[in-house]
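One-letter residues, chain by chain:
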Protein chains: 2
Amino acid sequence: MAAEPSAHALIAKHRPTLDQALEAIRTRAYWSPHPEHPKAYGENGSLGMAEGRAAFDALLGTRLDLGQPGTDDWVGGEVSPYGIELGVTYPHADLDTLLPAMKAGRRAWRDAGAEARAAVCMEILKRISDRTHEFAHAVMHTSGQAFMMAFQAGGPHAQDRGLEAVAYAYAEQVRTPDDAEWTKPQGKRDPLALTKKFKPVPRGTALVIGCNTFPTWNGYPGLFASLATGNAVLVKPHPRAVLPLALTVQVAREVLAETGFDPNLVALAAERPGEGIAKDLATRPEIRIIDYTGSTSFGDWLEANARQAEVYTEKAGVNTVLIDSTADYKGMLSNLAFSLSLYSGQMCTTPQNLLIPRDGITTDQGAKSYDEVVADLARSVGGLLGDDARANALLGAIVNPDVKSRLEAAASLGEVALPSREITNPEFPDAVVRTPVIVKLDGARKYWEGAEDEAAYLSECFGPVSFAVAVDSAAEGLELLRRTIGEKGAMTVGAYTTSEEVAEAVEEVCLEECAQLSLNLTGGVYVNQTAAFSDFHGSGGNPAANAALCDGAFVANRFRVVEVRSEALR
Amino acid sequence: MAAEPSAHALIAKHRPTLDQALEAIRTRAYWSPHPEHPKAYGENGSLGMAEGRAAFDALLGTRLDLGQPGTDDWVGGEVSPYGIELGVTYPHADLDTLLPAMKAGRRAWRDAGAEARAAVCMEILKRISDRTHEFAHAVMHTSGQAFMMAFQAGGPHAQDRGLEAVAYAYAEQVRTPDDAEWTKPQGKRDPLALTKKFKPVPRGTALVIGCNTFPTWNGYPGLFASLATGNAVLVKPHPRAVLPLALTVQVAREVLAETGFDPNLVALAAERPGEGIAKDLATRPEIRIIDYTGSTSFGDWLEANARQAEVYTEKAGVNTVLIDSTADYKGMLSNLAFSLSLYSGQMCTTPQNLLIPRDGITTDQGAKSYDEVVADLARSVGGLLGDDARANALLGAIVNPDVKSRLEAAASLGEVALPSREITNPEFPDAVVRTPVIVKLDGARKYWEGAEDEAAYLSECFGPVSFAVAVDSAAEGLELLRRTIGEKGAMTVGAYTTSEEVAEAVEEVCLEECAQLSLNLTGGVYVNQTAAFSDFHGSGGNPAANAALCDGAFVANRFRVVEVRSEALR
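Residues numbered from 1 in each chain as written. Chains lettered and ligands numbered in written order. Predicted model: local features only at pLDDT ≥ 70, side-chain atom pairs only at ≥ 80, totals over all residues. Heavy atoms only, no water.

An unreviewed UniProt entry lists chain A under the name Phenylacetic acid degradation protein paaN, with Streptomyces stelliscabiei as the source organism.

The structure is reproduced here in structure tokens:
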């Protein structure tokens, strides 16, 4: 298991952090090695705010030459949701050259062993961390996230999820020892004795299919889980969000080359507009693992057709918050208002359906009718986003025209409790910035009565659209919650209740339908945010996603263990 | 996590053994709590030899009423490969009644927690262990294994594999704690603080599709992995091998009921002759996990069609032994002779293709030509099976007419080096007992030259048929080995060589193609045998099987973890 000397140095450098990560996933207590505050960067080799901005600006209009084999052309064309044309071009790969080249370094990477691979992955993450300010701009100008969110979610939080995957991958690979002596007594005869060697072997080349909204956060778990378990990784970014993953690939290739491994263990597959290479790639025999974040239709297609690969998908769902009662009405409203507003609701974890009893709820401020709750929530969102500067800092930009169309169409689905408002971004006048719309629907009006309410709230309406769904009772809300998770899936479920009985009932629905539940959040943690090393993102047990970030199942089948046994020498 | 009091007592009883099992899968050293010697039974509540036989005899001709809901009829009709009609009938289930009934006890089983579930599973295994003599006859008279093998492989070795699955399932479920306090510093502000609960939840109902040859050994890993992770388990035995699994279900239901759980968490789905319920069952929405051992065609069908379930398959492969050179010619020959003879080669792990350089090999007895090696091996098999009593004890009976037909057809595939011999079993005159045939083929004669050699050695010929394939060199043998594993899959690979270079090369082929390798076995361990807690059975990385027995990947996706988080109380 000889690793390159420099990999050994990296083990010494990163082992303490790996041990902390291993401890964190065991205790699920708060931990992160990646600072969240922009001012924490700028020393010890990391780029500060101005340096990061300058580094990003210097990238614009350039060719990002990754030195990949089989580059037959250069492609690009990203336009920021904030209106900037990035003008960066990327290698377009001849896959018949690139994919075979990605095999060449696999043996050395495999033989380096789990610890050296973890250390190399951690060095990649460390160098990305040092460039967090630069990555923040790259994420902002591809996803449309506001700068602070792009910085945190695209930087330290994404790096946390990558490191979490490395830790799980390492732990899984060392569950079986490298060697064993096996001696079986045979009564009076000599014992049977074998020497056994065990080695984790990769499945082959892994494919990461990136998404538009969270290129790094959703891309890193699969990328690092596959790489840390010995696979080569081909990254196919979303055509609108190439830069953050191209930079990631660039860093990975640099670190691999410096530590004596083949840089082609990580490569980029950028595509021409409309080329749609994901389907071809996903069914190539070389591709043995796929990580995907995106639409349900393509996720389902991958699960059905990429039969040669292990497929991990995060698809769409319909997230629900059940509002039964609260001991902190103000806290509930402000918590929900923030959840609906953050990144214009363009998160797979944003609540869509707010189920509210039509007879109202009890609160510390007295009884509130359905209409009052909806109006108060609308007022709370309005207040949160009343100041345009603050609104811009929270909302970011609408990521693509489809989201804008859905938002505009939502107003016709029912009575509008809070209309969407257009906001100007003074720094980026071309940015499309919109506040969320809240539409009232009725959970009792069924489609067989000609009503469209049910069709609306039982479909994912990705973007800044929420439905205040009137239900007959908490019990009816629970049944709708059960049905929504079971049929449509959910990345998150929220509930507000002061009743132990209702809390137990909603918990039971979530246990049975397998969804992650946030109960009575009224402070600074929101239903749409999860923390690596502690919270699971998705459950892997309902239609929204077939895997959770990150657990044993996410890594255990990315490698296999090969055993070589022979007669023990006496 | 309140478990029934009696489950608590079982935890106290079995926890020390569970801890030993957890230690064994970590060290891979020899360990088993289940005695292999028939004489070890008969005390401390276990059935002795005569009692076991009597218990089996008492079962013949009876109705095995499991007390299952939805029993609409009674079915049976097993005929032992030794000629006995078992005459046992089993409940035939109305699945629309049985499957819903299997849900009823799931919540209590889930809430009992991982440790209580492990203890209940271990009690089931303990009671099965106490009846090992009885099970041995049941396995013998359904699989055709000789008594001693049915006793060991169907008894302690199967129980070991079941316990191994319980240990892996337990370890996987307790990787995440039940509770966590999460406190995130916020500079000068109050920290964010959440209380988190984590609970393993089952996927639903699991289906075990049993096989004819190893009903318990191949059935127990999936059964216990699914049950220990909180799922209900429906067992669909092979129509020719119902009794061992029906008895298993009976014991499981008894233990569940005694410990206050719903016995319907484990049930049997026996079928009428030709009814073929596996396809219907496998695609029912209630079935979320499937464990299958059997033909490649049905395994592939399950993987493609049972899309609502996690599917674990062990299918067919073509096992190879490369013979390059040896320092113990006699040991090699006797080891191989035993491997080819055991249970008439009716094991998924029996070597089929023996690759031998046409220019011969070097040995401690001097150089041996291809013809000499084949003749010496034939003589070794002939000697091993020369005595009819010993032959009967090793060979068992041919399990079904298909195996007999393949054996008879094999003689026409090439020059017969060792003809199959018919042996009479004095105790069971109707048993079909045959010694293995060894046929010479040529690895250089290709199908495009009109030769059928390649078609023969690249197909699985399940049963007592081996091919001595002449290859141009060890290097050509390695390429054929690589191709065979890659295209056809392999449960086992063996190799004999004194050359470090060849040993490394064969090891590299096995690492790249993902197959388990036994090197230079010349003593009392055989390529077709694996030991639970130490050896992996299959790799899960080549076409012969998509899972290995038993590792983290075998259990990690049989449950999901649901998290409930709420504001921490201050």
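The discussion continues.
Visitor: What should I look at first to understand the overall build of chain A in this one?
Guide: Assigned secondary structure in chain A consists of 20 helices and 21 strands. Expected size for 570 residues packed as a compact globule is a radius of gyration near 25 Å; at 25 Å, chain A falls within 12% of this value. A principal-axis box enclosing the C-alpha atoms of chain A has dimensions of 80 × 70 × 45 Å. For chain A, contacts bridging at least 24 residues in sequence account for 76% of all contacts bridging at least 6. Accessible area for chain A stands at about 19,400 Å²; split by element, carbon and sulfur atoms hold 51% of it. Here chain A contributes 52 positive and 74 negative side-chain charges, whose respective centroids are spaced 8 Å apart. (Helix = DSSP H or I, 4+ residues; strand = E, 2+ residues; numbered from the N terminus. Rg over C-alpha atoms; globule rule 2.2 N^0.38 Å. Contact = heavy atoms within 4.5 Å. Areas by Shrake-Rupley, 256 points an atom, 1.4 Å probe, with all protein chains shown as cover. Lys, Arg positive; Asp, Glu negative; His and termini not counted. Charge placed at Lys NZ, Arg CZ, Asp CG, Glu CD.)

Visitor: Sorry if this is basic, but what is going on with the packing of aromatic side chains here?
Guide: Aromatic ring pairs: the centre-centre distance and the angle between the two ring planes describe each pair. Under the criterion given, the structure shown has 26 aromatic pairs over all chains. Where W31 of chain A meets F533 of chain A, the ring centres are 4.8 Å apart and the plane angle is 70 degrees; that geometry is what we call edge-to-face. Taken as a pair, W31 of chain A in the loop between α1 (5–27) and α2 (49–59) and F533 of chain A in the loop between β20 (517–519) and α20 (552–556) lie far apart in primary sequence, 502 residues in all. Consider the rings of Y82 of chain A and F428 of chain A, whose centres lie 5.1 Å apart with planes at 50 degrees: the pair is tilted. Here Y82 of chain A, found in the loop between β1 (71–76) and β2 (89–93), pairs with F428 of chain A, found in the loop between β15 (422–423) and β16 (433–434); they are 346 residues apart in sequence, far enough to count as distant. Owing to a relative accessible area of 9%, F428 of chain A belongs among the buried residues under this scheme. Seen from the ring of F198 of chain A, R28 of chain B lies directly overhead, with NZ or CZ sitting 5.8 Å from the centre. Against the face of Y312 of chain B rests R558 of chain B, its NZ or CZ located 4.2 Å from the ring centre. (Phe/Tyr/Trp six-rings, centres within 6.5 Å; stacked < 30°, edge-to-face > 60°. Buried < 20%, exposed > 50% of the residue type's maximum accessible area, 1.4 Å probe, protein only. Lys NZ or Arg CZ within 6 Å of the ring centre and 35° of its normal.)

Visitor: Can you walk me through the relation of the copies chain A and chain B in this structure?
Guide: Note on the chain copies: they are related by a rotation about an axis and a translation along it. Rotating chain A by 180 degrees and moving it 0.0 Å along the rotation axis overlays it on chain B with an RMSD of 0.0 Å. When the rotation and shift are considered jointly, the pair of chain copies conforms to a two-fold rotation axis. Proximity to the rotation axis, assessed at the C-alpha, singles out A553 of chain A in chain A; its C-alpha lies 3.2 Å from the axis. (Least-squares fit on C-alpha atoms with pLDDT ≥ 70 in both.)

Visitor: Is there a simple way to think about unusual backbone geometry in this case?
Guide: Trans is the common state for peptide bonds, and a negative phi is the common state for residues other than glycine. All names here are of chain A. A cis amide bond links L549 with the next residue in sequence, C550, at an omega value of -5 degrees. On the secondary structure map, C550 appears in the loop between β20 and α20. Within the chain, C514 stands out as a residue other than glycine whose phi angle is a positive 65 degrees. Positionally, C514 belongs in the loop between α19 (500–513) and β20.

Visitor: Just checking my understanding: could you explain the packing of helix α6 (residues 132–143) of chain B against helix α10 (residues 243–258) of chain B for this structure?
Guide: Two quantities define a packed helix pair, namely the angle between the helix axes and the distance between the axes. Residues and elements named next belong to chain B. Relative to each other, α6 and α10 sit at 145 degrees, their axes nearing to 8 Å. Contacts from E134, F135, A138, V139 and T142 in α6 reach L243, P244, L247 and T248 in α10. Here the residues of the contact of α6 with α10 sort into 6 nonpolar, 2 polar and 1 charged. (Axes fitted to C-alpha atoms, helices over the stretch in contact; angles between N-to-C directions. Nonpolar A, V, L, I, M, F, W, Y, C, P; charged D, E, K, R; others polar.)

Visitor: Can you walk me through the confidence of the model for chain A in this structure?
Guide: Caution applies to low-pLDDT regions: their predicted coordinates should not be interpreted in detail. With 99% of its residues at a pLDDT of 70 or more, chain A has an overall mean of 96. As scored by the predictor, the complex reaches a pTM of 0.97 and an ipTM of 0.96. (pLDDT = per-residue confidence, 0-100.)

Visitor: Which parts of the structure should I look at to understand the interface of chain A and chain B?
Guide: Buried accessible area, meaning the area lost when the parts come together, often serves as the stated size of an interface. Counting from both sides, the interface comprises 77 residues of chain A and, opposite them, 77 residues of chain B. In this assembly, chain A packs against chain B so that about 6,000 Å² is buried in total across both faces, 50% of it on carbon and sulfur atoms. On the surface where chain A and chain B come into contact, there are 16 salt bridges. Taken together, the connections running from chain A to chain B amount to 48 residue pairs in polar contact (both at pLDDT 80 or more). (Buried area = accessible area lost by both parts, 1.4 Å probe. Salt bridge = Lys/Arg side-chain N within 4 Å of Asp/Glu carboxyl O. Polar contact = N/O pair within 3.5 Å; in protein donor to acceptor, adjacent residues only side chain to side chain.)

Visitor: Can you walk me through the environment of H37 of chain A in this structure?
Guide: Residues and elements named next belong to chain A. Inspection of the secondary structure puts H37 in the loop between α1 and α2. Of the residues examined, H37 reaches a relative accessible area of 46% and is grouped as partly exposed. For H37 and M148, which are 111 residues apart along the polypeptide, the C-alpha to C-alpha distance reads 9.2 Å.

Visitor: I tried to follow the sheet that holds strand β6 (residues 232–236) of chain A on my own but got confused; where do I start?
Guide: Strand-to-strand pairing in sheets goes through backbone hydrogen bonds, with the strands running parallel or antiparallel. All names here are of chain A. With parallel pairing, 5 strands are arranged side by side in an open sheet as β7-β6-β5-β8-β9. Each edge of the open sheet is held by one strand with a lone partner, namely β7 (266–268) and β9 (310–314). On average, each strand axis in the sheet is tilted by 15 degrees relative to the strand beside it, whichever way the strands run. Bridging between strand β8 (residues 287–293) and β9 involves 5 bridges; their strand directions are parallel. The partner of I289 across the bridge, within β9, is E310. Along the sheet, helix α3 (residues 95–103) contacts β5 (205–209), β6, β7 and β8; its crossing angle with β6, the most-contacted strand, is approximately 145 degrees. Along the sheet, helix α10 (residues 243–258) contacts β6 and β7; its crossing angle with β7, the most-contacted strand, is approximately 150 degrees. (Pairing = 2+ DSSP bridges.)

Visitor: How should the sheet that holds strand β6 (residues 232–236) of chain B be read in this particular structure?
Guide: Residue and element names in this part refer to chain B. Spatially, β7-β6-β5-β8-β9 is the arrangement adopted by the 5 strands of the open sheet, whose pairing is parallel. Of all the strands in the sheet, just β7 (266–268) and β9 (310–314) have a single pairing partner and so form its edges. Going across the sheet, the axis of each strand differs from the next one's by a mean of 15 degrees, ignoring polarity.

Visitor: Can you help me understand the side chain of N335 of chain A in this one?
Guide: All names here are of chain A. Mapping N335 onto the fold places it in helix α13 (residues 329–341). A distance of 3.4 Å separates the side chain of N335 from the backbone oxygen of L521, its partner in a polar contact. Excluding residues within four positions of it along the chain, N335 makes contact with Y496, L521, T522, G523, V525 and Y526.

Visitor: I tried to follow α2 of chain A on my own but got confused; where do I start?
Guide: In an α-helix there are 3.6 residues to a turn, and that puts residues three or four apart on one side. All names here are of chain A. Taken together, the buried positions of α2 are G52, F56 and L59. Buried residues along α2 cover an arc of 55 degrees about the axis, so they all sit on one side. More than 90 degrees from the buried face of α2, the exposed residues found are A50 and A58. Of the surrounding secondary structure, the elements contacted by the buried residues of α2 are α6 (132–143) and α10. Positive phi shows up at G61, right after α2, with a value of about 75 degrees. (Arc of directions from axis to C-beta.)

Visitor: Would you take a moment to explain α10 of chain B for this structure?
Guide: Residues and elements named next belong to chain B. The first and last C-alpha atoms of α10 sit 22 Å apart over 16 residues, in line with the 22 Å expected at 1.5 Å per residue. Summarising burial for α10: 13 of the 16 residues are buried, a large majority. Residue G260 follows α10 closely and has a positive phi angle near 90 degrees. (Expected span 1.5 Å × (residues − 1).)

Visitor: For this particular structure, what's the right way to read the pattern of salt bridges?
Guide: Residue and element names in this part refer to chain A. Applying the stated rule across the entire model yields 88 salt bridges over all chains. Put simply, D111 and R107 hold a salt bridge, and the shortest N to O gap is 3.9 Å. Separated by 4 residues within a single helix, D111 and R107 lie in helix α4 (residues 106–112), roughly one turn from each other. Judged by relative accessible area, R107 falls into the partly exposed class, the value being 44%.

Visitor: Is there a simple way to think about the side chain of N400 of chain A in this case?
Guide: Residue and element names in this part refer to chain A. Tracing the chain through its elements places N400 in the loop between α15 (388–395) and α16 (401–410). Overall, N400 belongs to the buried group, its relative accessible area being 17%. Beyond its immediate sequence surroundings of up to four residues, N400 is in contact with N212 and R240.

Visitor: Whenever I open this one, the pairing of strand β21 (residues 559–567) of chain A confuses me. Can you help?
Guide: Two faces belong to every sheet, and in a regular strand the side chains alternate between them. Counting buried positions over the 9 residues of β21 of chain A gives 7, a clear majority of the element. Relative to β21 of chain A, strand β4 (residues 189–202) of chain A runs antiparallel, the two sharing 9 bridges. In the sheet register, P200 of chain A faces β21 of chain A, and the bridge partner there is V561 of chain A. Pairing analysis gives 3 bridges linking β21 of chain A to strand β18 (residues 517–519) of chain B, with the strands arranged parallel. Within β18 of chain B, the position partnered with R565 of chain A by the bridge is S518 of chain B.

Visitor: How should the environment of V251 of chain B be read in this particular structure?
Guide: All names here are of chain B. In this fold, V251 is placed in helix α10. In this structure the C-alpha to C-alpha distance between V251 and L66, which are 185 residues apart in sequence, comes to 9.5 Å. With residues up to four places along the chain from it excluded, the contact list for V251 reads I124, R127, I128 and R131.

Visitor: Looking at this model, I keep getting lost on the environment of R253 of chain A. Mind explaining?
Guide: All names here are of chain A. Along the chain, R253 falls in helix α10. The class for R253 is buried, based on a relative accessible area of 5%. In this structure the C-alpha to C-alpha distance between R253 and A267, which are 14 residues apart in sequence, comes to 7.7 Å. If sequence neighbours within four positions are ignored, R253 has contacts with L66, G67, Q68, P69, P263, N264, V266 and A267. Here the side chain of R253 touches L66 through a polar contact of 3.0 Å, landing on its backbone oxygen. In terms of polar contacts, R253 uses its side chain to reach the backbone carbonyl oxygen of V266, at 2.9 Å.

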